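# Working through the structure, step by step
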Amino acid sequence: MRPILLSGHERALTQVKFSKEGDLIFSVSKDHIPSAWYSANGERFGAYKGHQGALWTVDVDPTTTLLATGGADNTMRLWEVKTGRELKKWEFPTSIRRCEFSEDGRQLLGVTEKRTGQLSNVVVYDINPDPDAEQTDEESLRIVVEELPRVTVAGFSSLGRYIITGHDNGSVAQWDAKTGELLNEVYSHEDGMSVTDLQWSADRTYFITASKDKTAKLHDTQTLEVLKTYVADTPLNSAAICPSPTEYVILGGGQAAMDVTTTSARQGKFEARFYHKIFEEEIGRVRGHFGPLNYVAVSPDGKCYCSGGEDGYVRVHHFDPPYFDFKYEVEKEKQRELGF
Amino acid sequence: LDQAKKSSANKAVVEYRRQQLEEWLAWRERVEAELVEERQELGLEEISEERAALLVADEGGEGQKVVE
C-alpha cells in the first residue's frame, strides 16, 4: 500500500471523513481549521476558516454540498463545501463533541459536552440542502441525557429512525429519533471504559463501536445485539467498517508514550489493525504514525482508507489488489457454491 | 496421534468459520430485504441518498468537482 501524507494540520487530528463519493477527505484537528483534500493525490481542496478553538468533529452531507463541524469554541457550524463559505453557526453553552448528518442529509445532530451545571445533550436540526437557503435556529429535537452517563458519540440509524448514542461508561443506547424517547440500552463495553467511536455500515443497519476497553464491537442497529467482537491489545479510539464485498473492519488506537508503562512490550502500538469482520480475527497491521491513531475512516468505494493521528498527520492508504483478493478458505468455498 | 489431533482441531475451526459465514449471510439477507421493504413502504428509493452518491460518482467518472 502506498501511503500519502496529508501535511497541513499543525495539531493532533481528531476526526477524518470521506465524501460519500470517496473523492474528498475532510479533516479536523486541534488547530481550528477544517481542511478538505483529494483522496487520490493528497492535494488540498480547501480550508474552512472561522472556528476559534480545537475541533472535535466533522461530517459531510450525501451530495458533498454541506460540511458540518463542531468544537471547543462551543459552536457547530455549517459550510458550503466548494466555496468555503460559512452558512450557519449554532452556539451552545459547552463544546460540540460530535456531529453527524442523517443518511438523506436532511437532519444534523450535535452532541454537547457535559460540564458542571450542563448535561450532555443531543440536539437535532432540520437541514435545508440548498446552500443559499436560510438554515433554522430551532432544534427539531433535544435529548437531555439525564439518567445515562456522558454521551461521547452519536449518529442516525437507517431511515433516520433511531439515534444511537455511545457513553463514557461503555454503554450504547437507542432513542426514538422523532420523540427522543429512550428505547433500549445495552452494556456492550467494560464498565467505565468509554465508547470512543461509532461508525455505520453502508446501509446503517449495523454499526461498530470502539472503546478504551481495547475492543471494538459490531452491533445490530435494530436490537443493539453485539454481533461480533474484535479484541485488540491497546485502547481504541476509532473503528471503521469496510464496504462490501470486502469483509474487514479497521481499528485505530494506541496509548500516548507518557501513558505507557515501561513494562509494555511494544511502546504505543501506533498501527491500524485489520480484522476479518465475520471471523473476528486480526489479519494485518499498517504502521506509520508516531502517535495514537485518533480516527480511522474507509472510503465508501472501498478503494482506500485514511487515519488521523495524534502526531498531526493524516495518512491515506490506497489498497493493493492482494488486499481485495485475500479470502478465507470457507469464503472461497461459498463463492464456488454461488458460482462466482 | 498429534497429527490426528491437529487435523481434527483444524476441521473444527473450519466448521466454525463455515457456520459463522452462513449465519452472517443469512442475517444480512434478512436485514437487507427488510430495509428495502420498509423503504418501499415509505415511498423511498431502494438505496439511501448517501449510497446513491457512490453510484452517481461511478457513472460520472472524473472531473465533476469544482475546484476552489
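Rules used throughout
Each chain has its residues counted from 1, running along the sequence as written. Here chains are named by letter from A upward and ligands by number from 1 upward, in the order in which they appear as written. With pLDDT at 70 or above as the cut-off, local features in this predicted model cover only qualifying residues; side-chain atom pairs require 80 or more to be listed or tallied, and sums for whole chains, interfaces and linings still use all residues. Hydrogen atoms and water are omitted, and side-chain values are computed over all heavy atoms in the structure. Per the convention used, a helix needs a DSSP run of H or I reaching at least four residues, while a strand needs a run of E reaching at least two, with both numbered from the N terminus. Buried residues are those whose accessible area, probed at 1.4 Å on protein chains only, stays under 20% of the maximum for their type, while exposed residues exceed 50% and partly exposed ones sit between those limits. Only the protein chains shown count as cover for residues, with accessible areas throughout obtained via the Shrake-Rupley method and a probe of 1.4 Å. Throughout, radius of gyration means the C-alpha value; the globule benchmark is 2.2 Å times the number of residues raised to the power 0.38. Contacts are assigned to residue pairs that have any heavy atoms within 4.5 Å of one another. Neither His nor the chain termini are counted; the positive set is Lys and Arg, and the negative set is Asp and Glu. Each charge is placed at NZ for Lys, CZ for Arg, CG for Asp and CD for Glu. Values labelled buried area give the accessible surface lost by two parts on being combined, using a 1.4 Å probe and summing over both. Salt bridges, as used here, are contacts in which a Lys or Arg side-chain nitrogen is within 4 Å of a carboxyl oxygen on Asp or Glu. Whenever two N or O atoms come within 3.5 Å, that pair is a polar contact, provided that in protein one can donate a hydrogen and the other can accept it, and provided that, for residues adjacent in sequence, both atoms are side-chain atoms. Per-residue confidence from the predictor is given as pLDDT, running between 0 and 100. Being paired, for any two strands, means DSSP has found at least two bridges between them. Only C-alpha atoms enter the line fits that serve as axes; for helices the fit covers just the stretch in contact. Angles between N-to-C directions range over 0 to 180 degrees. UniProt positions are given in the numbering used here, feature names are shortened, and annotations may be inferred rather than shown by experiment.

Glancing now at the overall build of chain B. Scanning chain B for helices and strands turns up two helices and zero strands. A buried classification covers 21% of the 68 residues belonging to chain B. Within the structure as shown, chain B displays about 5,300 Å² of accessible surface, and the carbon and sulfur contribution to it stands at 52%.

What follows covers the overall build of chain A. Within chain A one finds two helices and 28 strands. For chain A, whose C-alpha radius of gyration is 19 Å, the value lies close to the compact-globule estimate of 20 Å for 340 residues. Projected onto the principal axes, the alpha-carbon positions of chain A cover approximately 55 × 50 × 45 Å. Summarising the internal contacts of chain A: among those between residues at least 6 apart in sequence, 45% fall at separations of at least 24. Surface accessibility of chain A: about 13,100 Å² in total, with carbon and sulfur atoms responsible for 46%. Side-chain charges in chain A split into 38 positive and 51 negative, and the spacing between the mean points of these groups amounts to 4 Å.

With that settled, the discussion passes to the interface of chain A and chain B. Tallying the contact residues gives 39 residues for chain A and 29 residues for chain B. Buried area between chain A and chain B, summed over both chains or domains, comes out near 3,100 Å², and the portion from carbon and sulfur atoms is 60%. Here chain A and chain B share eight salt bridges between them. A:Glu103 is the partner of B:Arg39 in a salt bridge, and the nearest nitrogen-oxygen pair spans 3.4 Å. Inspection of the chain A/chain B interface yields 11 residue pairs in polar contact (both at pLDDT 80 or more). Every element with two or more residues in the side of chain A that touches chain B is listed here: β5 (44–47), β20 (215–220), β21 (226–231) and α2 (329–337) of chain A. In terms of residues, the side of chain A that touches chain B owes the most to one element, α2(A), which gives four residues.

Residue and element names in this part refer to chain B. Of the residues in chain B, 82% have a pLDDT of 70 or more, and the chain-wide mean is 85. Within the model, pLDDT remains below 50 along residues 61–68, and this stretch shows 13 contacts once partners closer than five positions in the same chain are excluded. For this predicted complex, the interface score ipTM comes out at 0.92, alongside a pTM of 0.93.

Residue and element names in this part refer to chain A. For His289, the position within the fold is in the loop between β25 (282–286) and β26 (293–298). Spatially, the C-alpha atoms of His289 and Val124 are 35 Å apart, while their sequence positions differ by 165 residues. Other than its neighbours up to four places away in sequence, His289 contacts Phe270, Ser307, Gly308, Gly309, Asp311, Tyr313 and Arg315. Here Ser307 takes part through its side chain, which lies 2.8 Å from a polar atom of the side chain of His289. Only 3.1 Å separates the side chain of His289 from the side chain of Asp311, close enough to count as a polar contact.

All names here are of chain A. Among the seven residues in strand β12 (residues 120–126), six count as buried, and that is most of the element. As judged from the five bridges shared by strand β11 (residues 107–112) and β12, these two strands associate in the antiparallel manner. Residue Gln107 lies in a different strand from β12, and its bridge partner there is Asp126. As defined by bridge partners, β12 adjoins strand β13 (residues 141–145) across five bridges and the pair is classed as antiparallel. Of the residues in β13, the one forming a bridge with Val122 is Ile143.

Moving on: the sheet that holds β11(A). Residue and element names in this part refer to chain A. Here we have four strands laid out as an open sheet, ordered β10-β11-β12-β13, and antiparallel in their pairing. Of all strands in the sheet, those bounded by a partner on one side alone are β10 (96–101) and β13. Strand-to-strand twist across the sheet, computed as the mean angle between neighbouring axes with direction ignored, equals 15 degrees. Across five bridges, the pairing between β10 and β11 is antiparallel. Across the sheet, the residue bridging to Cys99 is Gly110, located in β11.

What follows covers the side chain of A:Ser95. In this structure, A:Ser95 sits in the loop between β9 (86–91) and β10. Look at A:Ser95 and you get buried, because its relative accessible area is 6%.

This part is about the UniProt feature "repeat: WD" (unreviewed entry) in chain A. Residue and element names in this part refer to chain A. Within this numbering scheme, the UniProt entry marks residues 6–37 and 48–89 as carrying the feature "repeat: WD" (unreviewed entry). This span, residues 6–37, is 0% helix and 50% strand, and a straight line between its end C-alpha atoms measures 8 Å. Secondary structure across residues 48–89 comprises 0% helix and 52% strand; the distance between its end C-alpha atoms is 13 Å.

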